[in-house]
Amino acid sequence: MRTTTLGGSAVPVSALALGCAALGNLFQPVTDEAAHATVEAAWTAGIRTFDTAPHYGLGLSERRLGAALRDRPRDSYTLSSKVGRLLVPDPQCGAHDDLANGFAVPATHRRVWDFSADGVLRSLEASLERLGLDRIDIVLLHDPDDHADQALREAYPALERLRAEGVIGAIGVGMNQSALPARFLRETDIDTVLLAGRYTLLEQDSLTELLPEAAARGRSVIIGGVFNSGLLTAPRPGATYDYAPAPRPVLDRALRLRAVCERHGVPLRAAALRFPFGHRAVAGVLTGARSPHEVRDTVEQLRRPIPAALWDELRAEGLLNPDTPVPAATPIGEAMPSKEPS
């Protein structure tokens, strides 16, 4: 699988990255064996970038990912984790579960927002201990929506110092909105943005500011949430969008997208996976998986040939703006230049 150097850094990322929230029992339990097998399947498929966070299962995702990668040569993969939430022991000691936060684990800890310099250092130290690895390559400020000033004033400078010292390789911000990451691009020297759910076949508002800003500054964007919480895998009444039932107009748009894809013999999820690669600022796509089957299916869909006529029809149907960049038909294993509209 092809790799790209991230932003202004020397950190490589594979075109497809494995998001490891599911390894933290996102919504439902995953066994240790299934978690390990999922990472193994990703490795076999050529995936070499893995993303986790303390938030995912109160550290369970980090522990499982570290265990699965521990015997791999450390320079053969790229590891991403996040800061901004400290895990503090809960005096109730897991008397209740963490499903209110989306994870089927005992609530042994509570999350405390902390974008201070000290909080960043403490978070990284705890993550390294859970991972059992010697370094984290990419550190992302995780959801600083309500903490923007502290993240810019305290957390980012702390990470910048660690990058200058060679302790970490790249800095970024991970969010599901585009306005604040665009501000980080303008006001800091971050290498990357992990943008979840905001540059997909359903919505491209980030073409207005975030993606042009990243491209102009030579920075990279990794796109997560390409299926918009599952709606672009199987659109139907009751399907989720942003982790809630999809509003009817959004569902109708997804059904129209699927109809166009079917006319060209392409699964909707394959088109959704490939779409972000049309923009020159996009370095890769990050998807989650909770089983080897899901990993293999994602890789298979990403490698499907997609005819240019499909993108042309989406434009003709008003489902993509005429000036939206779309990917060339080059296989994922090769460089994929954008097909810019003439």
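In this numbering scheme, every chain counts its residues from 1 along its sequence in written order. A pLDDT threshold of at least 70 governs which residues receive local features in this predicted model, and a stricter bar of 80 or more applies before side-chain atom pairs are shown or counted, although totals over entire chains, interfaces and linings include all residues. Each side-chain value is derived from all of the structure's non-hydrogen atoms; neither hydrogens nor water enter the calculation.

S.K.: It is not clear to me how the pattern of salt bridges should be interpreted in this structure. Could you clarify?
M.R.: Whenever a carboxyl oxygen of Asp or Glu lies within 4 Å of a side-chain nitrogen of Lys or Arg, that contact is scored as a salt bridge. Summed over the entire model, instances satisfying the criterion amount to 27 salt bridges. One salt bridge in this structure joins D137 and R74, with 2.8 Å as the shortest N-O distance. Taken together, the residues D137 in the loop between α3 (117-131) and β10 (138-142) and R74 in the loop between α2 (60-69) and β5 (78-83) connect sequence positions 63 residues apart. Accessibility assignment for this pair places D137 and R74 in one class, buried. Between R248 and D252 there is a salt bridge whose closest N-O contact spans 2.8 Å. Taken as a pair, R248 and D252 lie in helix α7 (residues 248-263) at a separation of four residues, close to a single helical turn. A 1.4 Å probe rolled over the protein chains alone gives each residue an accessible area, and that area as a share of the maximum for its type sets the label: buried under 20%, exposed over 50%, partly exposed in between. Given a relative accessible area of 48%, R248 falls into the partly exposed group. If you follow the salt bridges from partner to partner, you end up with R74, D75, D134, R135 and D137 in one network. Put simply, DSSP H or I for four residues or longer makes a helix, DSSP E for two residues or longer makes a strand, and each gets a number counted from the N terminus.

S.K.: What's the story with the packing of aromatic side chains in this structure? I'm lost.
M.R.: One pair of aromatic rings is described through two measures. These are the centre distance and the angle between the planes. Aromatic rings from Phe, Tyr and Trp, with only the six-membered ring used for Trp, were paired whenever their centres fell within 6.5 Å, and each pair was classed as stacked if the ring planes differed by under 30 degrees, edge-to-face if by over 60, and tilted otherwise. Applying the stated criterion to the full structure yields eight aromatic pairs. Between F27 and Y243, the ring centres sit 6.0 Å apart and the planes meet at 55°, which makes this aromatic pair tilted. Of this pair, F27 sits in the loop between β3 (16-19) and α1 (32-44) while Y243 sits in the loop between β14 (240-241) and β15 (244-245), placing them 216 residues apart in sequence. Given the relative accessible area of 64%, Y243 is considered exposed. With a centroid separation of 6.4 Å and 10° between ring planes, the pair formed by W43 and F50 is classed as stacked. Among the residues examined, W43 registers a relative accessible area of 12% and is labelled buried. A relative accessible area of 0% means that F50 is categorised as buried.

S.K.: Looking at this structure, I do not really get the sheet that holds β10. What am I missing?
M.R.: Either a parallel or an antiparallel arrangement is found when strands of a sheet pair, and the pairing is made through backbone hydrogen bonds. A pair of strands counts as paired when DSSP detects no fewer than two bridges linking them. The sheet built from eight strands closes into a barrel, its strands ordered β3-β4-β5-β10-β11-β12-β13-β16 with parallel pairing. Each strand of the sheet is rotated relative to its neighbour by a mean of 25°, with strand direction disregarded. Both β10 and strand β11 (residues 170-175) contribute to a ladder of five bridges, which runs parallel. If you follow L141 over to β11, its bridge partner there is V173. Contacts: residue pairs with any heavy atoms within 4.5 Å of one another. Lines are fitted to the C-alpha atoms to define the axes, a helix being fitted only along its stretch in contact, and any angle between axes, read from their N-to-C directions, falls within 0 to 180 degrees. Of the strands in this sheet, β10, β11 and β12 (192-196) touch helix α5 (residues 179-187), which is tilted by about 160° from β11.

S.K.: Whenever I open this one, the side chain of E203 confuses me. Can you help?
M.R.: Turning to its location among the elements, E203 is positioned in the loop between β12 and α6 (210-217). At a separation of 2.8 Å, a polar atom in the side chain of E203 contacts the side chain of R198. Beyond its immediate sequence surroundings of up to four residues, E203 is in contact with G197, R198, N228 and Y241. Polar contact is defined as a pair of N or O atoms within 3.5 Å, subject to the rule that within protein one atom must be able to donate a hydrogen and the other to accept it, and that residues adjacent in sequence are counted only when both atoms are side-chain atoms.

S.K.: Explain the pairing of β11 here, please?
M.R.: Taken residue by residue, a regular strand's side chains alternate between the two faces of the sheet. Of all six residues making up β11, six are buried, and the element is well covered by its neighbours. Residues A170, G172 and G174 line one face of β11 and the alternating positions I171, V173 and M175 line the opposite face, and both faces are buried. Strand direction decides the pairing type here: β11 and β12, joined by four bridges, are parallel. The partner of G174 across the bridge, within β12, is L194. Note that the unit made of β11, α5 and β12 has a crossover that is right-handed. Orient the strands so they point away from the viewer; a crossover is then right-handed if the path from the first strand over the helix to the second runs clockwise.

S.K.: Is there a simple way to explain the environment of G284 in this structure?
M.R.: Looking at the secondary structure, you find G284 in strand β16 (residues 282-288). Under the relative-accessibility criterion, G284 is labelled buried at 2%. Along the chain, G284 and E40 lie 244 residues apart, while their C-alpha atoms are 20 Å from each other. Not counting residues up to four positions away in its chain, the partners in contact with G284 are S14, A15, V221, I222, I223 and F277.

S.K.: Help me understand unusual backbone geometry in this model?
M.R.: Peptide bonds are trans in most cases, and residues, glycine excluded, mostly fall at negative phi. Phi at L58 is positive, roughly 55°, even though this residue is not glycine. Locating L58 in the fold gives a position in the loop between β4 (49-51) and α2. A relative accessible area of 4% places L58 in the buried class. Of note in this structure, S229 is not a glycine but carries a positive phi near 65°. Note that S229 resides in the loop between β13 (220-224) and β14.

S.K.: How should I be thinking about α5 in this particular structure?
M.R.: For an α-helix, 3.6 residues make a turn, and residues three or four places apart therefore share a direction. Turning to α5, its buried residues are L180, P181, A182, F184 and L185. Those residues of α5 that are buried are in contact with β10, α4 (148-164), β11, β12 and α6.

S.K.: What's the story with the side chain of T49 in this structure? I'm lost.
M.R.: Locating T49 in the fold gives a position in strand β4. Polar contacts involving the side chain of T49 include one to the main-chain amide nitrogen of S14, which spans 2.8 Å. In this view, T49 contacts P12, V13, S14, A17, L18 and T78; residues no more than four positions away in its chain are not counted.

S.K.: Looking at this structure, I do not really get the nonpolar core. What am I missing?
M.R.: Across soluble globular proteins, nonpolar side chains show a tendency to be buried alongside one another. F50, L159, L201 and W311 are the most contacted members of the largest nonpolar core, which totals 90 residues. Looking at this core, the element that brings in the most residues is α4, giving seven residues. Filtering out sequence-adjacent residues up to four positions away, W311 remains in contact with L201, A271, F275, I306, L320, V326 and P327. Residues enter a nonpolar core if they are buried and are Ala, Val, Leu, Ile, Met, Phe, Trp, Tyr or Cys, with the set joined through side-chain atoms within 4.5 Å. Among the nonpolar cores identified, the runner-up in size contains 11 residues, and A17, I138, A170 and L194 belong to it.

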